[in-house]
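# Structure at a glance
Chain by chain, the residues run as shown.
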Amino acid sequence: MAKKKKDKMQQLMKSDNAIIKDLRDQQWLYNPKVFAQVAGDFSLMHQRVLLGVVEKLQDRIIHSIDENKKDGQLWLPLFSPEEMNTSVDFEIDPRDLGVTPGHYPELAQALKDLVGMTMGYPKKKKDGSMVYTWVSLFSRLEMPMGENGWRTGKIRVKMDKENVNDFLSMNSGWTDHVAKIAQFSKKQRTPRIYIYLSTFRWSGRKQVPYPDFCEFLR
């Protein structure tokens, strides 16, 4: 039986199937589990942007993973207390998101949606007390604009570091998945289901209540 499974896997890896070839050739992305399991009705364009943000923060995510491997207990936040006085500010090239100029209006709408999204969650303070917090991941999103509409150029992304530490908390561990899953998926739900299920990859059999799964996808 084990030999049959191995032979089948080898056949899949050699397959000419376009989807399998895409998966085989893609780079992988490390994603905090807590972020991978955030509930929401995100469009494919929303997901391209969100995964682009996670990709920009890969060095910090991987550093936290490496430090945890040394200690086994500690999960470092992406930004230390000494770094909290400034915001996260970087640029993303739409081409890295797989977005061509013809889809810039759709990208602009997705950025408008994302900057207005808020999330509520309970959080433990340093003194042990609990507070319920409402925050937005993005404080500012900018896209180049010319006289005749959107033009080629990089998107500016600005985020509050405290919010980033909460949204991308490493305390629950991490999952790895194909980096550009949102770019070659045709259905809106496909990337979310794929990334969500990836968080259970190493836990053996996992049953997720159907209502909980529906709530996750909104």
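It should be noted that the structure appears before, not after, this text.
These numbers come from a predicted model, not from an experiment.

### Considering the side chain of S64
Following the sequence through the fold, S64 ends up in helix α5 (residues 58-71). In terms of polar contacts, S64 uses its side chain to reach the backbone carbonyl oxygen of L76, at 2.8 Å. If we skip the residues at most four places from it in the chain, S64 touches W75, L76 and M170.

### Notes on the sheet that holds strand β8 (residues 155-159)
Strand pairing in a sheet is mediated by backbone hydrogen bonds. Such pairs are either parallel or antiparallel. Spatially, β2-β8-β5 is the arrangement adopted by the three strands of the open sheet, whose pairing is antiparallel. A single partner strand is all that each edge strand has here, and the edge strands are β2 (88-92) and β5 (140-142). Strand-to-strand, the axes of this sheet are offset by a mean angle of 15 degrees, without reference to chain direction. Both β2 and β8 contribute to a ladder of five bridges, which runs antiparallel. Bridge pairing in β8 places E91 opposite R156. On the sheet, helix α4 (residues 44-56) packs against β2 and β8 and is oriented at approximately 115 degrees with respect to β2. Contacting β5 and β8, helix α6 (residues 104-116) runs over the sheet at an angle of about 170 degrees to β5.

### Quick word on empty space enclosed by the protein
Counted by the stated rule, this structure contains one cavity of 30 Å³ or more. Around the largest cavity, the lining residues are R48, L51, G52, E55, D96, L97, A179, K180, I181, A182 and Q183. The set of elements that each furnish at least two residues to the lining of the largest cavity consists of α4 and α8 (181-184). By residue number, the principal contributor to the lining of the largest cavity is α4, which donates four residues.

### As for the pattern of salt bridges
The final tally for this structure, using the stated rule, is seven salt bridges. One salt bridge connects E142 with R140, and the closest N-O pair in it is separated by 3.3 Å. Under the relative-accessibility criterion, E142 is labelled partly exposed at 31%. The partner of R156 in a salt bridge is E142, with the nearest N and O atoms 3.2 Å apart. With a gap of 14 residues between them, R156 in strand β8 and E142 in strand β5 connect regions that are remote in the sequence. One network of salt bridges, in which partners are shared, links D89, R140, E142 and R156.

Calculation rules
Residues numbered from 1 in each chain as written. Predicted model: local features only at pLDDT ≥ 70, side-chain atom pairs only at ≥ 80, totals over all residues. Heavy atoms only, no water. Helix = DSSP H or I, 4+ residues; strand = E, 2+ residues; numbered from the N terminus. Polar contact = N/O pair within 3.5 Å; in protein donor to acceptor, adjacent residues only side chain to side chain. Contact = heavy atoms within 4.5 Å. Pairing = 2+ DSSP bridges. Axes fitted to C-alpha atoms, helices over the stretch in contact; angles between N-to-C directions. 1 Å grid on protein atoms, 1.4 Å probe; cavity = no way out; pocket = protein on both sides within 12 Å on 5 of 7 lines; lining within 4 Å. Points joined across faces, edges and corners; volume = space filled by probe spheres on them. Salt bridge = Lys/Arg side-chain N within 4 Å of Asp/Glu carboxyl O. Buried < 20%, exposed > 50% of the residue type's maximum accessible area, 1.4 Å probe, protein only.

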